[in-house]
Amino acid sequence: MIVDGSESSLKSFLSGLPGVDQVGAEARAAMLATRSIKTTSKNWAIDTAISMVDLTTLEGADTPGKIKALCSKAVRPDPTDPSVPSVGAVCVYNDMVNIARTHLDSIGGQYIPVAAVSTAFPSGRASLAVKKQDTQDALDNGAGEIDMVIDRGAFLSGHLGQVFDEIVMIKELCGERAHLKVIFETGELVTYDNVRKASYLAMLAGADFIKTSTGKISPAATAPVVLVMLEAVRDYFGMTGKRIGVKPAGGIRNTKDAIKQLVLVNETAGPEWLNPGLFRIGASALLNDLLMQRMKMRDGYYASPTYVTLD
Amino acid sequence: MRVDVKKTYKLYIGGAFPRSESGRVYELKDAKGEFLANPCQASRKDFRDAVVSARGAVTGWNKATAYNRGQILYRVAEIMEGRTFQFAEEIVAMEGVNFKEAKAQVEAAIDCWVWYAGWCDKIASVSGSTNSVSGPYYNFTVPENLGVVTVFADQKSSLLGLVAGLAAVLAGGNTAIVIASEKYPLSAITLSEVLATSDVPAGVVNILTGYSAELAPWVGAHMDVDGIDVSGLSKKAEEEVRLAGAENLKRIHRFNQFQSLGRIQAFMENKTVWHPIGV
């Protein structure tokens, strides 16, 4: 037991964490981004990235029709090429979970989990009762993964115990039924030190995944932030023997960005993390670019966005 | 004595002036066979980037009214006029003609540009039609832009050939990627500096220097290119482009005249609209 759950033990552990070397982290992330991945490695990276995509739509304008189209795309990203793997999950708002689950089941996508954003996403500003109900609704509708947001206001004003308790509470609701991903909204946490603290806090509270952002504010999943989080899961594995997943979300729009993320994972947490069980990429536009790059690798000439779906 | 301030010749992609991502340059000799410059030798990836920026600029360029496009293109001619001396000097160095002949070419090129600028808001009237049909309908045909067009600039005329290829494509509302003449690329580079300072939105024109034959198969096969002007390609390279371009039915044309309406029409599509009479 690293902490006993009390605010004081949590604070003393988190404040004992070493600070992040900001310049070092940024330089390391920038250096890894210069790796050139070509030919067969690139083929592998593209397919791996596709299988790690949490295909997301989180818009006020989402309709059942759009959710169904997204689910069909999740199962068969490129209808003309059955060798393209399915994506990691479909990520939607909680009232769309049932529609997504039913549609996935009806088109042979039983193995694709539906992730629901929860706890008053994206702001996290709601009472505990509402957050609980929000999560319970999603679980009852068949969500296999819960993407909860932390209360950034509480975190930034030092109420770490409150943030911890909320995660513990949601984790209890999820139980064995659903994976819990904890969203930090790193763009609002201001410093890398805070990102490191939030990472440990969430892991100690029982998160299965730690996730950078909601995708609603910028900056989102910058490379140094992902690096800090990957270091946290690596070190946490060293301390406890338990592997926690990482999910960058927001701002990863093209294949190059995605491959940079895979390089970061491989070089920081290690190759064990290079699978959809431990690394996911929250994205929507990214999938089309991955498909176009895949076409380019297959056909030998550059592809056009006209030949992938609009979404 | 002053130290020479030598110019680095760069590409023009998305409104910026990058070097080739490949880092390559090629040695350009002047008409006397002496070293003149090291222009970039663009790679297929530079071309790919240019297509992305040209595609991104299509909507904005096409949304501007035809009248406004004409005004912007006329503005380009105004700025070219101020660079007459630089254009002429470069033509003298590259083609080995005397200054008077070079200046005449620059003036012809500017006039040609103005000629195409004028067509922007007239092409639909001249090229479109009202068709009589058997039924109570109005039936109109109007030409619309094609999208992204790649121009292999004329190899023999430094500036005039280049202007004829580019201005015709722009007048039709398309965005362009120009592959400059291998032997005479300096006019294209200077033209890119004119374009960057004359209200033409970023991405509408992208200019690459390098070996046409090396880029040709990639241009021909790129699925996001809608049309190609192969006037500056050899017959052999043209054949290669036509074979590769069949995959997505690209419009591929070669032209013999610098100033012709056909050059604009070649990269436009006709849209026909039916509208009931009396409604």
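Just so we're clear, the structure is a prediction, and the values are computed from it rather than from any experiment.

Draft legend 1. Up close: the overall build of chain A. Counting its regular elements, chain A contains 13 helices and eight strands. In terms of overall size, chain A behaves like a compact globule, its C-alpha atoms giving a radius of gyration of 19 Å where 311 residues would be expected to give roughly 19 Å. Dimensions along the principal axes, computed over C-alpha positions, put chain A at roughly 60 × 45 × 30 Å. The buried share among the 311 residues of chain A stands at 55%. Summing over all exposed atoms, chain A offers an accessible surface of approximately 12,500 Å²; the carbon and sulfur share of this is 54%. Of note, chain A has its 32 positive side-chain charges centred 5 Å away from the centre of its 34 negative side-chain charges.

Draft legend 2. Main features of the sheet that holds strand S9 (residues 251-253) of chain B. Residue and element names in this part refer to chain B. Taken in spatial order, the five strands of this open sheet run S7-S6-S5-S8-S9, and their pairing is parallel. The open sheet has two free edges, formed respectively by strand S7 (205-208) and S9, since each of these has just one partner strand. Averaged over all pairs of adjacent strands, the angle between strand axes in this sheet comes to 15°, irrespective of strand direction. Bridge count for strand S5 (residues 148-152) against strand S8 (residues 227-229) is three bridges, and the pairing is parallel. Bridge pairing in S8 places Thr 150 opposite Ile 228. Along the sheet, helix H8 (residues 212-221) contacts S5, strand S6 (175-179) and S8; its crossing angle with S5, the most-contacted strand, is approximately 160°.

Draft legend 3. Region of the structure containing the nonpolar core. Ranked by size, the top nonpolar core spans 96 residues in total, and within it Ile146(A), Ile167(A), Val182(A), Phe184(A), Leu201(A) and Ile210(A) carry the most contacts. If you look at the next biggest cluster of nonpolar residues, it comprises 53 residues, including Trp61(B), Ala77(B), Phe87(B) and Ala153(B).

Draft legend 4. Representation of the packing of aromatic side chains in the model. Within the structure shown, the criterion is met by 12 aromatic pairs over all chains. Ring centres of Phe13(A) and Tyr200(A) lie 5.9 Å apart, and the angle between their planes is 65°; on these two criteria the pair is classed as edge-to-face. Of this pair, Phe13(A) sits in helix H1 (residues 7-15) while Tyr200(A) sits in helix H10 (residues 192-205); the two residues are 187 residues apart in sequence, bridging distant segments of the chain. Here the aromatic rings of Trp115(B) and Tyr116(B) are separated by 5.0 Å at their centres, their planes lie at 85°, and the arrangement is edge-to-face. The exposure class of Tyr116(B) is buried, given its relative accessible area of 0%.

Draft legend 5. Highlighting the interface of chain B and chain A. At the interface, 10 residues of chain B touch 11 residues of chain A. Between chain B and chain A, the buried area comes to about 950 Å², and carbon and sulfur atoms account for 56% of it. At the surface where chain B touches chain A, the tally comes to four residue pairs in polar contact (both at pLDDT 80 or more). With three residues, helix H1 (residues 44-63) of chain B is the largest single contributor of residues to the side of chain B that touches chain A. The residue makeup of the side of chain B that touches chain A, split by class, is three nonpolar, two polar and five charged.

Draft legend 6. Geometry of unusual backbone geometry. All names here are of chain A. A cis amide bond, omega 0°, links Phe 121 with the succeeding residue Pro 122. With respect to the helices, strands and loops of the structure, Pro 122 is situated in the loop between strand S3 (114-118) and helix H6 (128-140). Residue Pro 219 is reached from Ser 218 by a cis peptide bond, and omega for that bond is 0°. Following the sequence through the fold, Pro 219 ends up in the loop between strand S6 (209-211) and helix H11 (223-240).

Draft legend 7. Up close: the environment of Ala66(B). Residue and element names in this part refer to chain B. Structurally, Ala 66 can be placed in helix H2 (residues 66-82). Sequence-wise, Ala 66 and Gly 173 are 107 residues apart; in three dimensions their C-alpha atoms are separated by 7.7 Å. When neighbours within four sequence positions are excluded, Ala 66 is seen to be in contact with Cys 120 and Asp 121.

Draft legend 8. Layout of the sheet that holds strand S3 (residues 129-130) of chain B. Residues and elements named next belong to chain B. If you trace the three strands from one edge of the open sheet to the other, you get S3-S4-S10, paired in antiparallel fashion. In this open sheet, the two strands that pair with only one neighbour each are S3 and strand S10 (268-276). Summarising the sheet, strand S4 (residues 137-145) and S10 pair through nine bridges and their orientation is antiparallel. In the strand pairing of S10, Asn 139 is matched with Trp 274.

Draft legend 9. Up close: the pattern of salt bridges. Counting across every chain of the model gives 39 salt bridges over all chains. Here Arg101(A) makes a salt bridge to Asp105(A), at a shortest N to O gap of 3.0 Å. Pair noted here: Arg101(A) and Asp105(A) are both in helix H5 (residues 97-106), with a separation of four residues, about one helical turn. Note on Arg101(A): relative accessible area 13%, which makes it buried. A salt bridge links Arg55(B) to Asp224(B); the shortest N-O distance between them is 3.2 Å. Residue Arg55(B) is located in helix H1, and its partner Asp224(B) is located in the loop between H8 and S8; the two are separated by 169 residues in the primary sequence. Judged by relative accessible area, which is 25%, Arg55(B) ranks as partly exposed. The structure contains a network of salt bridges with shared partners spanning Asp54(A), Glu145(A), Asp147(A), Lys181(A), Lys211(A), Lys247(A) and Arg280(A).

Draft legend 10. Broad picture of helix H9 (residues 235-245) of chain B. Residue and element names in this part refer to chain B. For H9, the full list of buried residues reads Ala 237, Glu 238, Val 241 and Gly 245. In a view along the axis of H9, the buried residues occupy a sector of 100°, so they form one face of it. Away from its buried face, by an angle of more than 90 degrees, H9 presents the exposed residues Lys 235, Lys 236, Glu 239 and Leu 243. Its buried side turned inward, H9 meets H8, S8 and S9.

Cut-offs and rules
- Residues take numbers from 1 onward in each chain, read along the sequence in its written order.
- The lettering of chains begins at A and the numbering of ligands begins at 1, in the order of writing.
- This being a predicted model, a pLDDT of at least 70 is required before a residue's local features are given, and a value of 80 or more before pairs of side-chain atoms are given or counted; all residues contribute to the totals for chains, interfaces and linings.
- As a rule here, side-chain values come from all non-hydrogen atoms in the structure, and water together with hydrogens is ignored.
- Under the DSSP-based scheme used, a helix requires at least four consecutive residues in state H or I and a strand at least two consecutive residues in state E, with every element numbered from the N terminus.
- Only C-alpha atoms enter the radius of gyration; for comparison, a globular chain is expected to reach 2.2 Å times N to the power 0.38, where N is the number of residues.
- The buried label goes to any residue with under 20% of its type's maximum accessible area, the exposed label to any with over 50%, and the partly exposed label to all in between, with areas taken from a 1.4 Å probe on protein chains only.
- In these tables, accessible area is a Shrake-Rupley quantity obtained with a 1.4 Å probe, and a residue counts as shielded only by the protein chains included in the view.
- Just so you know, the count uses Lys and Arg for positive and Asp and Glu for negative, and it drops His and the chain ends.
- Charge positions come from single atoms, namely NZ of Lys, CZ of Arg, CG of Asp or CD of Glu.
- Paired strands, as defined in this entry, are two strands with at least two bridges between them according to DSSP.
- Axis geometry follows a simple rule: fit a line to the C-alpha atoms, using only the stretch in contact for helices, then measure angles between N-to-C directions, giving values from 0 to 180 degrees.
- Whether two residues are in contact is decided by their heavy atoms: any pair within 4.5 Å suffices.
- Definition of nonpolar core: a set of buried residues of the types Ala, Val, Leu, Ile, Met, Phe, Trp, Tyr and Cys, connected through side-chain atoms within 4.5 Å.
- Here a pair means two rings of Phe, Tyr or Trp (six-membered ring of Trp) with centres within 6.5 Å. Their orientation is stacked below 30 degrees between planes, edge-to-face above 60, and tilted elsewhere.
- Two parts placed together each lose some accessible area under a 1.4 Å probe, and the buried area is that loss summed for both.
- Throughout this description, a polar contact denotes any pair of N or O atoms lying within 3.5 Å of each other; where both atoms belong to protein, one of them has to be capable of donating a hydrogen while the other can accept it, and for residues adjacent in sequence the pair is counted only when both atoms sit in side chains.
- Residue type decides the class: Asp, Glu, Lys and Arg count as charged, Ala, Val, Leu, Ile, Met, Phe, Trp, Tyr, Cys and Pro as nonpolar, and the leftover types, Gly among them, as polar.
- Throughout this description, the term salt bridge denotes a Lys or Arg side-chain nitrogen within 4 Å of a carboxyl oxygen of Asp or Glu.
- It is the directions from the helix axis to the C-beta atoms that the arc portrays.

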